[in-house]
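Architecture and fold: a report
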Protein chains: 2
Amino acid sequence: MKRGELAASSGCNAETIRYYEKIGLLPAPRRAANGYRDYDERHEERLHFIQRGRELGFNIDDLKSLLSLVDRNAVSCHEVEEMAKQHLQSVRSKISQLRRMEAILAETISSCSGEDVPECPLIESLFND
Amino acid sequence: MKRGELAASSGCNAETIRYYEKIGLLPAPRRAANGYRDYDERHEERLHFIQRGRELGFNIDDLKSLLSLVDRNAVSCHEVEEMAKQHLQSVRSKISQLRRMEAILAETISSCSGEDVPECPLIESLFND
DNA sequence: TCTTGACTCTGTATTGGCTACAGGGTTTAT
DNA sequence: ATAAACCCTGTAGCCAATACAGAGTCAAGA
C-alpha cells in the first residue's frame, strides 16, 4: 500500500502521513524497490487510532503516550482512564467557554437593527466590556 | 503610557502588543524622546476591543475588518451582523463537535474497569469504529 | 556616584499541527 | 511515446502568539 492509497483509504492528507512518520507517531514502513513507502494494515490501524484521537482533541504528545502504552503491550487501563478523564475535563471547559461566546453573540445579533446606522450594538459590546 | 503599563492595565502580554502593532491591528503609537512607545486611551480602548474579539473567537482578519468599519466611521450594522452570524454558526458547530467528543469520552470512561488489564475499552474505542 | 535590577528597544526563532511547494525520479494510462 | 499522476526529499509557510538575544535606558538603593 503506497502513501497515496493509505491517504485515500484513511481520509488523511498524504503529507500529514509523512509528517506523522517524521515526528515518530507512525512507524516508518518498509520501502519498495523503487523507494516508495509500503504500508500494511497495522499502519492503517494505527493511523486510524491517531485520527480518532486527534478528532477527540488529544494532542500529539497524548497520542504518543497512549501509543507507547499500546506498544508496551501492557496497557494499564487505569493510566488511560486518567488521561481520558483529564481530557474530558478540558473538553467540558471548552464547551462552556464556547457557550458563553454563543450567548453573547446571539444576544448582540438579536439586538442588531440591521440598518446602516453608526450605532452597532455588536461593535459596542466589543468596546464596552 | 509605556508598553508595560498598557500590558498591565489590559492583561495583555507585552510582546503581544508589539505583535498587534506589527500586523497592523493596533496603530503604532507616538514615541517618547527615548524611543519608548507612548500609548493613550484610544490605544487602550482598541486593545480592549481586540481582546474581547479574540476571546469571542474572532480571528485576526475578522478583527481587521471590524476595526476597518470602525475606522471608516461608517459602521454598517448590517455588515457587522453578517460577520457575527457567520461566526456564531462556526461557534455552534464547534460546540456540537465537542459535545460528541464529550459523550464518547464519558461513555468509554464509564465502561473502564480501572484495572490493569490489557483490554482497555478506551484504547479499543480509539482503534475500532 | 555607582551599581544593580527592571524595563524598553530591535530582530529573529520557536511553538503545534499541519500544509504546500520546489525540483527531481517513477509509474500508469492513453 | 508522451503526458499526467504519482512518489521522493528537503524546506518554507500558516496562525497567533511567545520567547530569546543583545543592546540601550531608567529609577532606586548603597
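Quick note: structure is the one above.
To keep things clear, this report deals only with the structure shown in the data block.

Conventions used here
- Residues numbered from 1 in each chain as written.
- Chains lettered and ligands numbered in written order.
- Predicted model: local features only at pLDDT ≥ 70, side-chain atom pairs only at ≥ 80, totals over all residues.
- Heavy atoms only, no water.
- Helix = DSSP H or I, 4+ residues; strand = E, 2+ residues; numbered from the N terminus.
- Buried < 20%, exposed > 50% of the residue type's maximum accessible area, 1.4 Å probe, protein only.
- Contact = heavy atoms within 4.5 Å.
- Areas by Shrake-Rupley, 256 points an atom, 1.4 Å probe, with all protein chains shown as cover.
- Near = heavy atom within 4 Å.
- Polar contact = N/O pair within 3.5 Å; in protein donor to acceptor, adjacent residues only side chain to side chain.
- Nonpolar A, V, L, I, M, F, W, Y, C, P; charged D, E, K, R; others polar.
- Phe/Tyr/Trp six-rings, centres within 6.5 Å; stacked < 30°, edge-to-face > 60°.
- Core = buried A, V, L, I, M, F, W, Y, C linked by side-chain atoms within 4.5 Å.
- Domains from an automatic or database assignment.
- Expected span 1.5 Å × (residues − 1).
- Axes fitted to C-alpha atoms, helices over the stretch in contact; angles between N-to-C directions.
- Parallel < 35°, antiparallel > 145°, perpendicular 65-115°, else oblique.
- Left-handed = near helix turned anticlockwise from the far one by under 90°.

What follows deals with the overall build of chain A. Looking only at helices and strands, chain A features six helices and two strands. The order of helices and strands in chain A, counted from the N terminus, is α-α-β-β-α-α-α-α. Going through the 129 residues of chain A one by one, you find that 37% of them count as buried. Counting only contacts in chain A whose residues sit at least 6 apart along the sequence, the fraction spanning at least 24 positions is 38%. Accessible surface, chain A: about 7300 Å² in total, of which carbon and sulfur atoms supply 45%.

To continue, consider the protein's contact with DNA strand D. The environment of DNA strand D is formed by 19 residues, the closest being R3, G4 and R18 of chain A together with T16 and R54 of chain B. A breakdown of the atoms of DNA strand D within 4 Å of the protein gives sugar and phosphate a share of 66%. Between DNA strand D and R3 of chain A, the relevant distance is 2.5 Å, taken from a phosphate oxygen to a side-chain nitrogen or oxygen of the residue. The separation between a phosphate oxygen of DNA strand D and a polar side-chain atom of R31 of chain A is 3.0 Å. Listing elements by their share of the surface near DNA strand D, those giving two or more residues are α1 (3–10) of chain A together with α2 (14–22) of chain B. Top contributing element to the surface near DNA strand D by residue count: α2 of chain B, with five residues. The residue inventory of the surface near DNA strand D, partitioned by class, reads five nonpolar, six polar and eight charged.

To continue, consider the packing of aromatic side chains. Residues and elements named next belong to chain A. Across all of its chains, the model carries two aromatic pairs over all chains by this definition. Plain terms: the ring middles of Y19 and Y20 are 5.9 Å apart, the flat faces sit at 45 degrees to each other, and that makes the pair tilted. For Y19, a relative accessible area of 40% translates into the label partly exposed. You can call Y20 buried: its relative accessible area is 8%.

Surveying the vicinity of DNA strand C reveals 19 residues, the closest of which are T16 and R54 of chain A together with R3, R18 and R37 of chain B. If you look at DNA strand C and keep only atoms within 4 Å of the protein, 67% of those are sugar or phosphate atoms. Take E15 of chain A: an N or O atom from its side chain is 3.2 Å from a base nitrogen of DNA strand C. One of the backbone nitrogen or oxygen atoms of R37 of chain B is found 2.6 Å away from a phosphate oxygen of DNA strand C. Of all the secondary-structure elements, those providing two or more residues to the surface near DNA strand C are α2 (14–22) of chain A together with α1 (3–10) of chain B. At five residues, α2 of chain A tops the list of elements feeding residues into the surface near DNA strand C. In terms of residue class, the surface near DNA strand C is made up of five nonpolar, six polar and eight charged.

Moving on, we come to the nonpolar core. With 59 residues, the main nonpolar core has I17 of chain A together with I17 and L66 of chain B as its most contacted residues. Each of domain 1 (1–58) and domain 2 (76–129) of chain A accounts for three or more of the residues forming this core. If sequence neighbours within four positions are ignored, L66 of chain B has contacts with I123 and L126 of chain A together with F49, F58, V80 and M83 of chain B.

Compared with the 21 Å implied by 1.5 Å per residue over 15 residues, the 21 Å span of helix α3 (residues 41–55) of chain B between its first and last C-alpha is a close match. Along its buried surface, α3 of chain B packs onto α5 (77–110) and α6 (121–127) of chain A together with α1, α2 and α4 (60–72) of chain B. Backbone nitrogen of R42 of chain B and a side-chain oxygen of the N-cap are separated by 3.0 Å at the start of α3 of chain B; the cap is D40 of chain B. G57 of chain B sits one or two positions beyond α3 of chain B and adopts a positive phi of about 90 degrees.

As a further point, take the packing of α1 of chain B against α3 of chain B. All names here are of chain B. One way to put it is that α1 packs onto α3 with a least axis distance of 11 Å and a crossing angle of 50 degrees. By the angle between their axes, α1 is oblique relative to α3. Once α1 is placed against α3, the crossing between them reads as right-handed. Residues L6, S9 and S10 of α1 lie in contact with α3, whose contacting residues are E44, L47 and Q51. In the contact of α1 with α3, the residues fall into two nonpolar, three polar and one charged.

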